[in-house]
Amino acid sequence: MRLIPLAALLAVLSTPLAAETLVADPAAPVTHEGNLRVMTKFGSERLRPYFETLAAAYMAAHPGVTIELIQEDDDSVKAKTKTLLASNAMPDVFFSWTGTWGGNLVRGQRAVDLTEVLDSDWGKTLAPSAVDAFAYGGKKYGVPLYLDAKFMGYSKPIFAEAGIEVPETFEDLLAACDTLKAKGITPIAVGNKSPWVGLHYVGQMLAHDVPRAVLEADFDPATATYTDPGYVTTLNRLSELAARCTVGPEMNGIAYQSALQMLSDGKAAMYYQEIIEFDNSASASTVLKPEEFGHFILPAPKEAKGDPMALEGAPEGYMISTASENVPLALDFLKFATTPENGKLLSAPPYGQPSAVVGGADPATMNPSVVGGLQDIAEASYLIQWLDTVNHPKVATAWLNGSQALLGGTMTAEEVMEGVRAAAEDAK
Amino acid sequence: MTDIHQDPGAATRQEPGATSRRVIQEFWRLRWVAVAVALVGSFVYWPIIDNFRVSLTHQDIFTGETSPAGLENYRRLTEDPVIGLALWNNLAYAVISVLFQVFGAFLLAAIIEGLGSPRARAFWRAVYFIPSAISTTVTGLLFYFIYQPGMGLMDGVLQGLGLGAWSRVWLGDPDTAIYAIIAMSQWQGFGYAALLFSVAIQKIPAELYDAARMDGAGALRQIWSITLPMTREMTGLMVIITVTGAFQVFNEVMVMTGGGPNNASQVLGTWLYEQGFNQNDMGYAAAIGSLIFAVTMACGLAQLWLNARRRVT
Amino acid sequence: MSFWPAMARAFLWALLLSLGVLVIYPLLWMALNGFRSNSQIFDTPFGLPDSWALTHYAAAWAATRGFLASSLLVTLVSTVTTVAISAWTAYGLTRTPMPGQPLFVAFILGGMMLSPTVALVPLVRMLQGLGIYDTQGALILLYTAFRVPFTTFLIRAYMLDLPRDLDEAATMDGASPGTIFRRIILPLCSPILISCIVLHILFAWNEYLFAMIFTNSPGVQTLPVGLSSMLSKQGTNFATLFAAMTISALPIVILFFLTQRYFIRGLTEGIGK
């Protein structure tokens, strides 16, 4: 057991004692020297080269700088962040989601306050709604890199064959499903084995049924009540959608990848997906070709009490560590990552991640569906964030489990909301 | 050990350095166990002690703050409905596994060892063992696909047998999820258990069976009155391994359902993971760890007690 | 008279055979799916694939090579450390004079009762403190520490049954305990050592809990973790996933078939007392 005190000693010794920078100063001079550690969420084969290209270009321009990339993927970035937090080894620049995840980093004083920098001229080159998504307590902490939103992707040939137009209202969508089902086609492929799939439907539909002010009060653990009747309305609408458009409770045993495959194989008419998945649904190697792929926003019901023009989605971006020894340099690298040229690189295939930079998209190089989706994001009156990241983890879990149980037919809308309210109470 | 104590006075009467040299010599004898004790002590025992300390705190990974929580995390254990569900699932795991991997495997081993040809015995032992050699990640993923509605083998087989109506969303239905996982686990584990029973059965002297045959005992009779009692120690060992294993189960559930849907297939291990590593509640996770420790410890002690009692009677 | 025994025999063979099919068929299906295309996997779960092209296997090999290397390193090193330390310890516990010997036996073998899950939360911080979090070293250390009790248990039981006069004769000839261990006892223990090596390889190659929690860089992660993350990384490329699963299972199945005779012999002599 002699190892234990030694371990403790090592832990103490390895903790950096450097002073923390809490607020970034836009006037601070940049010295292009030293080492910069950057943790990204682009670890997959398709996205990995983006930051590698960026880092190489930056180092070529500034020979005194070395950039060390830690590239994680969607699944591993959470664990990696927690590890680095626990060992006080946060990289200078790190990935963050909006909502509770970023909020926790801000609460733990891990992220530098970038308000002054983002209010300067450079900040104006970024989409304002995306910058605001990283605001906590009136201060801005994150640099958005790209935008993401949820759309219904559909097969144009199947729609044409069934004589269906792109639905304008939720009621039209249900009617279209009936037509497709009558023809023996699965209207919407859903694989809800991972419960966030179903919860993404809930998020978009809530924006239609519950006023924005109510939603935002409920997202804040301090003021959450979740008593608006619109919540039950949404869940009941979802049940109806599931009954008329999908395979029903069976979806809880299907992986979302299998469901996506059904659209790609031309076996289902629609699949609800993120804009960053468009290039996955239809490509040169799938049955459904890119020109046969179309998209629309999940439509609002005729009498919506909320905001019919709202869209579910959130930007994703980067923060600077308060433990960084060279905040001006870290900031300079983020400015480099958000130049219009690098924005265009990110928006175009193979990356296909719509840049958050104003003018960071060039329709000539992009998948037309992504261009159209970007236009829809720009026109949306309100971007409602993902329910599983905007809420307190306990509330998020209640939503995830509840919506999955609802779709599996083992819970009613009222029971789901009871669970959410109990979790919100618990999270206070 | 005795040689040192032959003349305890002699050492002290001689030069003062002799005592310390004896002590050093004594310690030198421990070199054989030093590495194992240090390793097992630091990485097996100490974390379990440390776990109790953590379970009495609240930890915030984002701020890096730790605050004392008293018994709060344990109070939450009693109020958390998922804990009851997880305990039930672990229990179901244990009971079904004992049926298949102790009693089923025993019978199978008795059948295999009753085969005339040694090659046939070796063949069947090896075939049934194969799934145990494969990682639970692989078998979990495999069964995840087997159970998939539409693409899975399970539905295909049921339809082929004209039992299409029985087909279900095995992993997506809260009523069947945990049992589908347990079934996979039996598929994977019975061959290993059967192999261990085979090993025990091979140890039984052949004369016992010869004598029984002389008395006109049939095969079933021989299994009942010779094989079973002669492998009692192995059976006891297998029960304890299976039961404690069932309360520590993690991989199968993690890979196949992650505890879903709506926590229906949650077991203690996955709930600990969910609380500690997804919900950042390390203190509560440690309290769940203490519960796992208590349950497995109780199983172990019960087994020791049973063993002791059996020896007396 | 001979009807019933014949029936019983036929029944037993049918039972063994159907159990065999139950065990082998899913594995065969897995290996065959590595040859099918995505749509074939969905449409025709039974029957043989249309082509035997190795494209999916090649892709799977490329995707899992890094994990394989990591698994190989962790498995090999931890097998050597675990079996060496356990044999050393078992020898000390059975054949050398040692103060407090029963206490050490209880302490080391008692480690078998303790669950790795319980140790999880504290181990995270310990390994971070040691600076080996997210390295193969962490897995090697943990696999060794958690398997030494069981391996020592097996080897100790075997050594207890070896005749004492061997050591005594050697001691008379002036051999040191270290020499006796290396020259006499260790070679005699080779059946159980082989069993222990096989058991440890099975364990280390397949371990998931520690590997999942204590590693997260792609270059460090072992096969089981790499495979589970492939489902999300490869997205809809099921054939490649099946091929990768087969690639991961194959070495260990082959190893078992090659060693099973010795493996079973060691176990029979070791624990079947």
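Conventions adopted
- Residues numbered from 1 in each chain as written.
- Chains lettered and ligands numbered in written order.
- Predicted model: local features only at pLDDT ≥ 70, side-chain atom pairs only at ≥ 80, totals over all residues.
- Heavy atoms only, no water.
- Disulfide = S-S within 2.5 Å.
- Helix = DSSP H or I, 4+ residues; strand = E, 2+ residues; numbered from the N terminus.
- Contact = heavy atoms within 4.5 Å.
- Buried area = accessible area lost by both parts, 1.4 Å probe.
- Salt bridge = Lys/Arg side-chain N within 4 Å of Asp/Glu carboxyl O.
- Polar contact = N/O pair within 3.5 Å; in protein donor to acceptor, adjacent residues only side chain to side chain.
- Nonpolar A, V, L, I, M, F, W, Y, C, P; charged D, E, K, R; others polar.
- Patch = residues over 30% accessible without salt bridge, like charges linked within 9 Å, V, L, I, M, F, W, Y side chains within 5 Å.
- Areas by Shrake-Rupley, 256 points an atom, 1.4 Å probe, with all protein chains shown as cover.
- Buried < 20%, exposed > 50% of the residue type's maximum accessible area, 1.4 Å probe, protein only.
- Domains from an automatic or database assignment.
- Pairing = 2+ DSSP bridges.
- Expected span 1.5 Å × (residues − 1).
- Arc of directions from axis to C-beta.
- Phe/Tyr/Trp six-rings, centres within 6.5 Å; stacked < 30°, edge-to-face > 60°.

**Q** Pulling in residues and values, what's your account of the state of the cysteines?
**A** Any covalent bond linking the sulfur atoms of two cysteines counts as a disulfide. Residues and elements named next belong to chain A. Taken as a whole, this structure holds 1 disulfide over all chains when the rule is applied. Bridging Cys177 to Cys245, the disulfide has an S-S length of 2.0 Å. Torsion about the S-S bond of the Cys177 and Cys245 cystine: about 100°, corresponding to right-handed handedness. In this pair, Cys177 is assigned in helix H8 (residues 170-182) and Cys245 in helix H11 (residues 230-245), connecting sequence segments 68 residues apart.

**Q** Residues and numbers for the interface of chain B and chain C, please.
**A** With 80 residues of chain B at the interface, the matching set in chain C holds 91 residues. Buried area between chain B and chain C, summed over both chains or domains, comes out near 7,800 Å², and the portion from carbon and sulfur atoms is 82%. Counting every contact that joins chain B to chain C gives 1 salt bridge. Among the salt bridges present, the one from Asp50(B) reaches Arg125(C), with a minimum N-O distance of 3.6 Å. Along the contact surface separating chain B from chain C lie 8 residue pairs in polar contact (both at pLDDT 80 or more). Of the residues forming the side of chain B that touches chain C, the biggest block, 20 residues, is contributed by helix H3 (residues 31-54) of chain B. The class makeup of the residues in the side of chain B that touches chain C is 58 nonpolar, 15 polar and 7 charged.

**Q** So, a nonpolar patch on the surface: which residues are in play, and what are the values?
**A** Residue and element names in this part refer to chain B. Judged by side-chain polarity, Trp88, Leu91, Val95, Leu99, Phe100, Phe103 and Tyr179 come together as a nonpolar surface patch covering roughly 720 Å² of accessible area. It is helix H5 (residues 81-113) that provides the largest number of residues to the nonpolar patch, a total of 6 residues. As for its placement among the helices and strands, Phe103 is situated in helix H5. For Phe103, a relative accessible area of 42% translates into the label partly exposed.

**Q** Quick rundown of the environment of Leu76(C)? Include the residues and the values.
**A** Within the element layout of this structure, Leu76(C) appears in helix H3 (residues 55-95). Sequence-wise, Leu76(C) and Ala31(C) are 45 residues apart; in three dimensions their C-alpha atoms are separated by 26 Å.

**Q** Mind laying out the interface of chain B and chain A, listing which residues take part and the relevant values?
**A** At the junction of the two partners, chain B supplies 27 residues and chain A supplies 28 residues. Summing both partners gives a buried area of about 2,300 Å² for chain B against chain A, and 58% of it is carried by carbon and sulfur. If you look at where chain B meets chain A, you find 0 salt bridges. At the boundary of chain B with chain A, the tally comes to 6 residue pairs in polar contact (both at pLDDT 80 or more). Breaking the side of chain B that touches chain A down by element, the ones donating at least two residues are H3 and helix H14 (268-278) of chain B. Considering each element in turn, the side of chain B that touches chain A owes the most residues, 4 residues, to H3(B). Looking at side-chain class alone, the side of chain B that touches chain A contains 12 nonpolar, 12 polar and 3 charged residues.

**Q** Account for the pattern of salt bridges, naming residues and giving values.
**A** The tally for this structure, following the rule as stated, stands at 22 salt bridges over all chains. Residues Arg125(B) and Glu113(B) are paired through a salt bridge, measuring 2.8 Å at the closest nitrogen-oxygen approach. Of this pair, Arg125(B) sits in helix H6 (residues 118-133) while Glu113(B) sits in helix H5; the two residues are 12 residues apart in sequence, bridging distant segments of the chain. Judged by relative accessible area, which is 14%, Glu113(B) ranks as buried. Here the salt bridges do not stand alone but share partners, grouping Asp178(A), Glu240(A) and Arg244(A) into one network.

**Q** I'd like to hear about the domain arrangement of chain A, residue by residue, with values.
**A** Residues and elements named next belong to chain A. Under the domain assignment used here, chain A contains domain 1 (27-148 + 313-383) and domain 2 (150-312 + 389-427). If you average the C-alpha positions of domain 1 and of domain 2, the two centres end up 28 Å apart. On the domain 2 side, the residues contacting the 24 residues of domain 1 number 23 residues. Between domain 1 and domain 2 lies a buried interface of about 2,000 Å² when both sides are counted; carbon and sulfur atoms form 54% of it. If you look at where domain 1 meets domain 2, you find 0 salt bridges. Taken together, domain 1 and domain 2 are joined by 9 residue pairs in polar contact (both at pLDDT 80 or more). Looking at the side of domain 1 that touches domain 2, the elements with two or more residues in it are helix H4 (100-107), strand E6 (143-155) and helix H16 (368-379). When residues in the side of domain 1 that touches domain 2 are grouped by element, the largest group, 7 residues, is from H16. A per-class count over the side of domain 1 that touches domain 2 returns 10 nonpolar, 11 polar and 3 charged.

**Q** Please provide a residue-by-residue account of the pairing of strand E1 (residues 57-60) of chain B, values included.
**A** Residues and elements named next belong to chain B. Judged from the 4 bridges that link them, E1 and strand E2 (residues 65-68) form a sheet pairing that is antiparallel. Within the sheet, the bridge partner assigned to His58 lies in E2 and is Ser67. Counted between consecutive antiparallel strands, the loop separating E1 from E2 contains 4 residues, among which Gly64 sits at a positive phi close to 75°.

**Q** Explain helix H8 (residues 177-188) of chain C to me, using residue names and the numbers behind them.
**A** Across its 12 residues, H8(C) extends 15 Å between first and last C-alpha, which sits within 8% of the 16 Å expected from 1.5 Å per residue. For H8(C), the set of buried residues is Gly178(C), Ile180(C), Phe181(C) and Ile185(C). Summarising the axial view, the buried residues of H8(C) lie within an arc of 140°, below the 170-degree limit, and thus occupy one face. Exposed residues on H8(C) whose side chains face more than 90 degrees from its buried face are Arg182(C) and Arg183(C). Packed against the buried residues of H8(C) are H3 of chain B together with H3, helix H6 (136-160) and helix H7 (165-172) of chain C.

**Q** How would you sum up the packing of aromatic side chains? Please name residues and give values.
**A** Residue and element names in this part refer to chain C. Summed over all chains, the structure comprises 55 aromatic pairs over all chains. Note on Trp88 and Phe181: the rings are 5.7 Å apart at their centroids and 80° apart in plane angle, and the pair reads as edge-to-face. Residue Trp88 is found in helix H3, and its partner Phe181 is found in helix H8; the two are separated by 93 residues along the sequence. Classification of Trp88 as partly exposed rests on a relative accessible area of 27%. A centroid spacing of 6.5 Å and a plane angle of 25° characterise the contact between Phe150 and Phe153, whose relative ring orientation is stacked. Within this pair, Phe150 and its partner Phe153 are both found in helix H6, separated by 3 residues, close to a single helical turn.

**Q** Could you give an account of the domain arrangement of chain C, with specific residues and numbers?
**A** Residue and element names in this part refer to chain C. When cut into domains, chain C gives domain 1 (1-33) and domain 2 (53-271). For domain 1 and domain 2, the distance between their C-alpha centroids amounts to 33 Å. In this assembly, domain 1 packs against domain 2 so that about 440 Å² is buried in total across both faces, 71% of it on carbon and sulfur atoms. The three residues of domain 1 that bury the most area against domain 2 are Met30, Ala31 and Asn33, which together make up 92% of that side's buried surface. The interface formed by domain 1 and domain 2 holds 1 residue pair in polar contact (both at pLDDT 80 or more) in total. Here the residues of the side of domain 1 that touches domain 2 sort into 3 nonpolar, 1 polar and no charged.

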